[in-house]
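Fold and geometry: a report
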Amino acid sequence: MAVIVLIAINILCFLLISSAYNAYFGLNLLMLEKAYYWQVLSSMFIHANFTHLILNMMVLYQFGSILERWLGAMKFFVLYFLGGLLCSLLSFVYIYFEFTMTQEVVNVVGASGAICVLMGYYAFLDKNSLKGLLIAILLISFLPLLMGVNIAWYGHIFGFVCGYILARTGFLQGR
């Protein structure tokens, strides 16, 4: 049920919030410049386009359903939100330093960082899936770049690592 609620929130945000507001709700330097601190959370529910939304929601359903059964709805929500916030903060640090070095302005949108938290958490719980999930994370992070699609690959990596570390520390394990 928690997974369905998260999917519904993502779809509602996509339908109700115009992409013209992505700079307002996405994660970018305005977080510090104009105190748009909500971006750490709101960026997890804004998507660049319909394909981005659908792909993220399919993976959220796949891993979220498994982890919700394992953890229960409340612990699953905590993992998703806390892991997603942590991933957003790490991504912000990355885009801040990237800006200081290259002057490139980046706006990060999408649920993939939080979803990669779930994948990292699952990879720790199911040791047999670790190698396959690492390969999947690397492919979804770097293959689009090779095809000329601009994505926040670092958000995927940060998310996976955060999820794995949270699981390894015993954070929220079991019902």
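For the structure itself, consult the block above.
The rules we used
- Residues numbered from 1 in each chain as written.
- Predicted model: local features only at pLDDT ≥ 70, side-chain atom pairs only at ≥ 80, totals over all residues.
- Heavy atoms only, no water.
- Helix = DSSP H or I, 4+ residues; strand = E, 2+ residues; numbered from the N terminus.
- Contact = heavy atoms within 4.5 Å.
- Buried < 20%, exposed > 50% of the residue type's maximum accessible area, 1.4 Å probe, protein only.
- Polar contact = N/O pair within 3.5 Å; in protein donor to acceptor, adjacent residues only side chain to side chain.
- Core = buried A, V, L, I, M, F, W, Y, C linked by side-chain atoms within 4.5 Å.
- Expected span 1.5 Å × (residues − 1).
- Axes fitted to C-alpha atoms, helices over the stretch in contact; angles between N-to-C directions.
- Parallel < 35°, antiparallel > 145°, perpendicular 65-115°, else oblique.
- Left-handed = near helix turned anticlockwise from the far one by under 90°.

**Topic: the side chain of Ser-112**
Checked against the element boundaries, Ser-112 lands in helix H7 (residues 112-125). Apart from the residues within four sequence positions on either side, Ser-112 is in contact with Asn-56 and His-156.

**What about the environment of Ser-65?**
For Ser-65, the position within the fold is in helix H5 (residues 50-71). Assessed through its relative accessible area of 13%, Ser-65 is described here as buried. In this structure the C-alpha to C-alpha distance between Ser-65 and Ala-2, which are 63 residues apart in sequence, comes to 8.5 Å. In this structure Ser-65 touches Val-3 and Leu-60, once residues within four positions along its chain are discounted. Within polar-contact distance, the side chain of Ser-65 engages the backbone oxygen of Tyr-61 at 2.7 Å.

**Focus on the nonpolar core**
In terms of nonpolar packing, the biggest core is built from 36 residues, with Leu-60, Phe-76, Leu-79, Tyr-80, Leu-118, Met-119 and Tyr-121 touching the most fellow members. When residues of this core are traced back to their parent elements, those giving at least two are helix H1 (2-16), H5, helix H6 (73-102), H7, helix H8 (130-146) and helix H9 (153-168). Looking at this core element by element, the count peaks at ten residues for H7. Ignoring anything within four residues of it in the chain, the contact list for Phe-76 reads Ala-2, Val-3, Leu-6, Leu-60, Gly-64, Leu-67, Glu-68, Leu-71 and Leu-118. In terms of nonpolar packing, the next biggest core, distinct from the first, is built from nine residues, Leu-27, Leu-29, Val-106 and Tyr-154 among them.

**A word on H5**
Here H5 contains 22 residues, and its C-alpha end-to-end distance of 30 Å stays within 8% of the 32 Å for a straight helix at 1.5 Å per residue. Buried within H5 are the following residues: Leu-53, Asn-56, Met-57, Leu-60, Phe-63, Gly-64, Ser-65, Leu-67, Glu-68 and Leu-71. The inward-facing, buried residues of H5 abut H1, H6, H7 and H8. The N-cap of H5, judged by a side-chain oxygen 3.2 Å from the amide nitrogen of Thr-51 a few residues on, is Asn-49. Backbone geometry just downstream of H5 places Gly-72 in the positive-phi region, at approximately 90°.

**Description of H7**
With 14 residues, H7 extends 20 Å from end C-alpha to end C-alpha; this agrees with the ideal 20 Å at 1.5 Å per step. The buried count for H7 comes to 13 of 14 residues, which makes it a mostly enclosed element.

**Considerations on the packing of H1 against H5**
Interhelical geometry of H1 versus H5 gives an angle of 165° and a closest axis separation of 9 Å. By the angle class used here, H1 and H5 are roughly antiparallel. Relative to H5, the crossing made by H1 is right-handed. Across the interface between the two elements, Ala-2, Val-3, Ile-4, Leu-6, Ile-7, Asn-10, Ile-11 and Phe-14 from H1 touch Phe-50, Leu-53, Met-57, Leu-60, Tyr-61, Gly-64, Ser-65 and Glu-68 from H5.

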